[in-house]
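# Inside the fold
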Amino acid sequence: MSIQLFTPNFRVEECLEEVRECLEKGWTGLGFKTQEIEEKWKEYTKLPYAHFLSSATAGLHLALEIFKRENGWDNDDEVITTPLTFISTNHAILYADMKPVFADVDEYLCLCPESVEKAITSKTKALIFVGIGGNAGQYNRIRELCTKHNIKLVLDAAHMAGTRINGNHAGFDADVSVFSFQAVKNLPTADSGMICFQDEALDKRARKLSWLGIDKDTFARSANKGAYKWRYDVDEIGYKYHGNSIMAGLALVGLKYLDRDNAFRRQLASWYRSELKDCDGLTVVPVSGDCESSHHLIQIRVQNRDSVLQKLNDAQIYPGVHYSSNIEYGPYKRELSDFPKSTAASNEIISLPMHMNLTFNDVVAITTELKRIVSAS
Ligand SMILES: *Cc1c(COP(=O)(O)O)cnc(C)c1O
């Protein structure tokens, strides 16, 4: 039997019921279930606004684009970001025609406050904090720095559905947070996401810009009786970024089970931690003390990472790597030695299998194999 990194676990009957409802009603697009998931998401997270999108990548672009337009930022204004993330995070900065400025990470694999402080210039307008694996790292200190320097804090919460920081849902004090419900995230649909601003005007603008700049959605128009319900206005250029009711239906089912699923992920993580403690040559990436992590990931660090990965594959265990340092890639090329902690992490990290179909015995099998490989190398 082989053990995969991620195996999404859909409640198939409930999902089909949601999809059936969309098909029978003849409403698969924007509106209907997209409104329902927005309401349920706000109820669950206590965030004031939520707009359902086609992806978190779209959301990250929209977040920066909206702040840029609202505040009249320039193309040479800077956004502080991390090298250790999925490439979406940094592409979003380039989509918005701004300048990514990298800072280094800490032991949590999240942005390091000291490194961020050194990266701040008079052109710094925003910072994207990525909660890798659901971990909040030193988010609270980054929040303070952003407030002190008047920098907009964008939370890339792609891994943070259900993460609490000091008991609050991730995003509660970010200027905007963006969640992902992509196929292998901890609240999987196929592709969708949520953008949550703190401010009503920005939420409205997100709704407009996610639908090409059109100023009211089809659902609102069909409720608007009379001969003029086809009318709309377009006063700026937007994008086709909104979500649809099929995806929203899947998200509604996932949301019902999110806390339960995350609690199981934390159980798996604590089994991994106890099986791997006192293992020479291997460390488990810690979760910061004020964070109840979604545990989208459980990450470890080893020397000879590539050979450890190969040997795990030989034993039919298929972990992953989140992520290679983005400054190795063409559009973001920087001196690797200028970001020593991200560079080291990029070469040492492994994400161990983490999904709902794993058992305690799987964790024991994986960690036994891992300890054997690491002690022999
Ligand atoms: C998956 C991911 C994204 C993008 O999410 P999509 O919904 O697939 O666009 C952004 N940032 C991080 C850290 C991610 O892991």
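Residues numbered from 1 in each chain as written. Predicted model: local features only at pLDDT ≥ 70, side-chain atom pairs only at ≥ 80, totals over all residues. Heavy atoms only, no water.

### Details of the packing of helix α9 (residues 245-276) against helix α12 (residues 360-376)
Going by this rule: A fitted line through C-alpha atoms represents every axis, and for helices the fit uses only the stretch in contact; the resulting angles, taken between N-to-C directions, go from 0 to 180 degrees. Here a strand is any run of E in DSSP of at least two residues, a helix any run of H or I of at least four, and the numbering for each starts at the N terminus. Less than a right angle of anticlockwise turn of the near helix away from the far helix marks a crossing as left-handed, whereas a clockwise turn marks it as right-handed. Throughout, a residue-residue contact means that at least one pair of heavy atoms, one from each residue, lies within 4.5 Å. Note on residue classes: Ala, Val, Leu, Ile, Met, Phe, Trp, Tyr, Cys and Pro are nonpolar, Asp, Glu, Lys and Arg are charged, and everything else, Gly too, is polar.
Between α9 and α12, the least distance of the axes is 10 Å, while the angle of their chain directions is 35 degrees. By crossing handedness, the relation of α9 to α12 is classed as right-handed. Between α9 and α12, the contacting residues are Leu268, Trp271, Tyr272, Glu275 and Leu276 on the first element and Phe360, Val363, Val364, Ile366, Thr367, Leu370 and Lys371 on the second. In terms of residue class, the contact of α9 with α12 is made up of 9 nonpolar, 1 polar and 2 charged.

### Brief notes about the sheet that holds strand β7 (residues 164-165)
Backbone-to-backbone hydrogen bonds pair the strands of a sheet. The strands run either parallel or antiparallel. The line we're drawing: Two strands qualify as a pair provided that DSSP identifies no fewer than 2 bridges between them.
Taken in spatial order, the 3 strands of this open sheet run β8-β7-β12, and their pairing is antiparallel. Since the sheet does not close on itself, it has two edges, and those belong to β8 (168-169) and β12 (291-292), each with one partner. Looking at chain direction, β7 and β8 are connected through 2 bridges and run antiparallel. When the sheet's bridge partners are listed, Ile165 is paired in β8 with Asn168.

### Some words on the UniProt feature "active site" (unreviewed entry) in the protein
Our working definition: UniProt positions are given in the numbering used here, feature names are shortened, and annotations may be inferred rather than shown by experiment.
UniProt marks Lys185 with the feature "active site" (unreviewed entry), using the numbering shown here. With respect to the element layout, Lys185 can be found in the loop between β9 (176-180) and β10 (193-197). Residues in contact with Lys185, not counting those within four places in the same chain, are Ala158, His159, Ser180 and His296.

### Digging into the packing of aromatic side chains
Each aromatic ring pair is specified by the distance between its two centres and by the angle formed by the two planes. For clarity, the cut-off: In this analysis, rings of Phe, Tyr and Trp, with Trp reduced to its six-membered ring, are considered paired at centre separations within 6.5 Å, and the interplanar angle assigns stacked below 30 degrees, edge-to-face beyond 60, and tilted for intermediate values. Relative accessibility decides the category of a residue: with a 1.4 Å probe and only protein chains considered, values under 20% of the type maximum give buried, values over 50% give exposed, and everything between is partly exposed.
Summed over all chains, the structure comprises 13 aromatic pairs. An angle of 70 degrees between the planes, with centres 5.0 Å apart, marks the rings of Trp41 and Phe179 as edge-to-face. Of this pair, Trp41 sits in helix α2 (residues 33-45) while Phe179 sits in strand β9; the two residues are 138 residues apart in sequence, bridging distant segments of the chain. Residues Trp41 and Phe179 agree in their burial class; the two are buried.

### Remarks on the environment of Leu111
Within the secondary structure layout, Leu111 lies in the loop between β4 (99-102) and α5 (113-119). Expressed as a C-alpha distance, the spacing of Leu111 and Ser88, which sit 23 residues apart in the sequence, is 16 Å.

### A short note on the environment of Phe197
Position of Phe197 among the secondary structure elements: in strand β10. Classification of Phe197 as buried rests on a relative accessible area of 1%. Once the C-alpha coordinates of Phe197 and Ala63 are considered, the two residues, 134 residues apart in sequence, prove to be 8.4 Å apart. The residues contacting Phe197, other than those within four sequence positions of it, are Pro48, Tyr49, Ala63, Ile66, Phe67, Asp175, Val176, Leu202, Asp203 and Ala206.

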